Structures are given as C-alpha cells and as structure tokens.
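A structural walkthrough
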Amino acid sequence: MASTTSSVRVGIVGYGNLGRGVEAAIAKNPDMQLVGIYTRRDPAQLNPLHAGTPVYTMDSLLSHKGQVDVLILCGGSKDDLPKQAPELAAHFNLIDSFDTHARIPEHFANVDKAAQGGQTTALISAGWDPGMFSINRVMGEALLPDGATYTFWGKGLSQGHSDAIRRVEGVAGGVQYTIPVEEAVNKVRSGVRPELSTREKHKRDCYVVLKDGADAEAVRKTIVEMPHYFDEYDTSVNFISAEELARDHAAMPHGGFVIRSGNTSAENKQVIEYRLQLDSNPEFTSSVLVAYARAVHRMAQGGQHGCKTVFDVAPGLLSPKSAAELRAELL
C-alpha cells in the first residue's frame with residue numbers, strides 16, 4: 001500500500017446531520033476531495049459549510065459517473081438506504097451506515113448483487129455500531145473464546161427513540177437518552193460474566209414538550225409501554241418547556257463501550273474494553289465513513305468488487321499513510 005498520490009473524489013448523497021458531518025470530515029483529510037453534494041431538495045436551498053461546494057440534484061448523479069471515486073450515502077436506514085444502495089452500487093463505489101442490525105444480511109445480499117454486476121466496491125453498515133463496535137466484538141470473541149461479550153450504549157441521545165416519542169399523540173417535541181446502568185457495567189468489568197436482562201443493562205430518560213391541552217399521564221403511559229422501544233426498560237418521562245428543550249437538549253452526544261470478559265485459564269480472568277465518548281454522534285459517524293471511503297477506493301483499485309463490511313477491511317487501508325510509514329510510526 002502506497003501513500004495516496006491524488007485526491008479521492010467523494011460525492012455526498014443526502015445532506016442532513018450526517019451529510020454535514022461528512023463534509024466537515026472531508027475537510028480534515030487532505031487526500032480527500034468533495035466533488036459534489038447530491039440532494040432531493042432544491043440545490044439552491046442548501047448552504048454547504050464551504051462556499052463553492054457544488055450541489056446537484058439526485059437526478060444528475062448518473063451523468064457524473066466516472067467523475068466520483070466513492071459515494072458516501074447519508075440517508076436513513078428505514079427507507080433511503082435499502083433502495084439507494086443497491087441502485088447506486090450498480091454504477092458507483094459507495095459506502096453507507098445502514099444500522100438496522102436484523103436486516104443487514106438482506107441488505108448485504110441486495111447490494112452485493114448490484115455491486116458484482118456493476119464491478120464496483122460497496123461497503124455497508126460502517127459507523128460506530130454497527131462498525132467500530134462490531135470489530136471489537138469480533139476481536140474479543142477471537143482473543144477470548146472462553147468468555148462473554150457485553151455492549152452498552154450511552155449516555156447518549158438516541159435519534160430513533162427520540163423520533164418514536166415525538167410521534168406520540170399529544171407530544172410537541174422531545175428527546176430520549178439511553179443510559180447504561182452503572183451497577184451492571186461494574187459487574188461486567190469485574191470479570192464475573194453476569195447474565196443481564198435488557199432492563200438490567202440500560203435505562204431510558206425522556207424529556208417531552210406537551211401540546212396544548214395534552215393529557216400528561218396518557219402521554220407518559222403511552223411512552224413507557226411502547227413495544228420494542230420502552231416497555232422492556234425502566235423509563236422516566238420528564239415534561240419540560242419548548243424553551244428548555246431548545247436550550248438544554250439540542251446537542252447529539254452519544255457513546256458506549258464493548259466489553260469482552262473471559263478466562264485464559266481457570267485462575268486468570270481477562271477483560272477487554274473499547275469505549276467511545278462522543279460530543280456529536282453524527283460527526284463521529286461521518287469521520288468513520290470518510291476513513292472507510294478511502295479504503296473502499298483502494299479496494300476498488302485492487303479489483304476487490306462486491307459488497308463488503310468492516311470485517312473485510314485491513315486497518316492499514318483506512319490510513320492516508322503508506323505501509324512503510326505505518327510500520328515505522330504506529331507498529
């Protein structure tokens with residue numbers, strides 16, 4: 001692997017929080033060049049972070065084939081990525097952050113078929129979970145086969161759960177924070193390998209602005225009993241004003257940790273821990289996507305076509321440094 005001699009030409013598809021984060025991350029990587037933002041909105045309504053950044057309609061994307069080395073897809077996992085990734089992988093190298101864990105095998109198969117047909121390289125489900133946490137789960141299991149893996153999320157603002165509470169009748173606005181239960185975390189760190197229920201691992205704190213005339217108790221009951229989101233957790237619902245929501249809950253912090261606890265012999269316990277503490281969830285996810293976009297470009301140049309995941313990428317491919325520089329400086 002040699003140092004990059006020319007810039008990797010990147011296109012951003014979608015320009016919400018993640019798209020803006022990708023634009024900021026590209027600016028911190030001198031070997032990456034943003035050649036365009038592609039949007040379903042009116043391009044004239046977008047205000048990129050850097051004046052002069054080209055903004056195009058999604059309809060113009062196919063006409064730019066050959067002018068973009070890697071597309072970074074910044075849409076949502078529910079509706080955007082399942083459709084966009086297979087369609088675009090037939091024509092472009094790309095990367096996405098698809099994070100619906102149960103549907104990853106299905107998404108992989110759809111994208112792989114398109115990428116194999118188009119002889120492109122498409123990496124799915126990059127970010128921090130799935131992504132960096134996934135790698136650490138694999139490493140933990142491989143290094144400590146006699147053990148147990150635990151993943152904790154937070155303290156952080158969950159965008160999916162926040163969206164769920166905003167859809168409750170009577171709610172004008174709100175956010176939800178996922179918080180690891182400290183007692184559970186300490187047990188895992190001690191190496192005793194506890195069996196923990198969902199309720200024992202995390203709790204959920206909601207901050208809700210009510211619509212005028214809404215029944216607070218009915219809203220609280222609907223939230224705490226919501227299947228798949230809150231019913232299996234100890235959940236608090238705190239009612240606040242719109243001013244408090246805007247003042248105190250506009251940021252998007254997150255993080256968490258993966259812990260593998262195991263034994264290498266009857267006498268010796270070993271604990272591996274990987275932790276993230278993030279001021280901005282979308283900005284960090286964007287930074288991961290940009291590093292993996294570099295790897296996607298290199299893999300495509302090497303003829304490694306088809307769908308890939310973070311498990312298929314050698315760590316050295318993420319770095320702008322050459323193999324010789326990595327051996328000398330980081331090994």
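Look up: the structure comes first, before these words.
The structure contained in this document is the topic of the report that follows.

The rules behind each value
- Residues numbered from 1 in each chain as written.
- Predicted model: local features only at pLDDT ≥ 70, side-chain atom pairs only at ≥ 80, totals over all residues.
- Heavy atoms only, no water.
- Buried < 20%, exposed > 50% of the residue type's maximum accessible area, 1.4 Å probe, protein only.
- Helix = DSSP H or I, 4+ residues; strand = E, 2+ residues; numbered from the N terminus.
- Pairing = 2+ DSSP bridges.
- Right-handed = clockwise from strand over helix to strand, strands pointing away.
- Patch = residues over 30% accessible without salt bridge, like charges linked within 9 Å, V, L, I, M, F, W, Y side chains within 5 Å.
- Areas by Shrake-Rupley, 256 points an atom, 1.4 Å probe, with all protein chains shown as cover.
- Salt bridge = Lys/Arg side-chain N within 4 Å of Asp/Glu carboxyl O.
- Axes fitted to C-alpha atoms, helices over the stretch in contact; angles between N-to-C directions.
- Contact = heavy atoms within 4.5 Å.

With that out of the way, let us pick up the pairing of strand β1 (residues 8-13). In terms of burial, β1 is a largely internal element, five of the six residues being buried. Relative to strand β2 (residues 32-39), β1 is paired through six bridges, and the arrangement is parallel. Considered in β2, the bridge of Val 8 is made with Met 32. With respect to chirality, the unit in which β1 leads through helix α1 (residues 17-27) into the neighbouring parallel β2 is right-handed. Pairing between β1 and strand β4 (residues 70-73): four bridges, direction parallel.

The next subject is a nonpolar patch on the surface. Judged by side-chain polarity, Met 139, Leu 143 and Ile 272 come together as a nonpolar surface patch covering roughly 270 Å² of accessible area. With respect to the helices, strands and loops of the structure, Met 139 is situated in helix α4 (residues 132-143).

Pairing within the open sheet is antiparallel, and its three strands lie in the order β7-β12-β13. Two strands in the sheet have a free side with no partner beyond their single neighbour: β7 (147-153) and β13 (269-278). Pairwise comparison of adjacent strand axes, ignoring direction, gives a mean angle of 10 degrees for this sheet. Pairing of strand β12 (residues 254-263) with β13 involves 10 bridges; the strand directions are antiparallel. Residue pairing in the sheet places Arg 260 in a bridge with Ile 272 of β13. Lying over the sheet, helix α6 (residues 182-189) contacts β7, β12 and β13, oriented at roughly 35 degrees with respect to β12.

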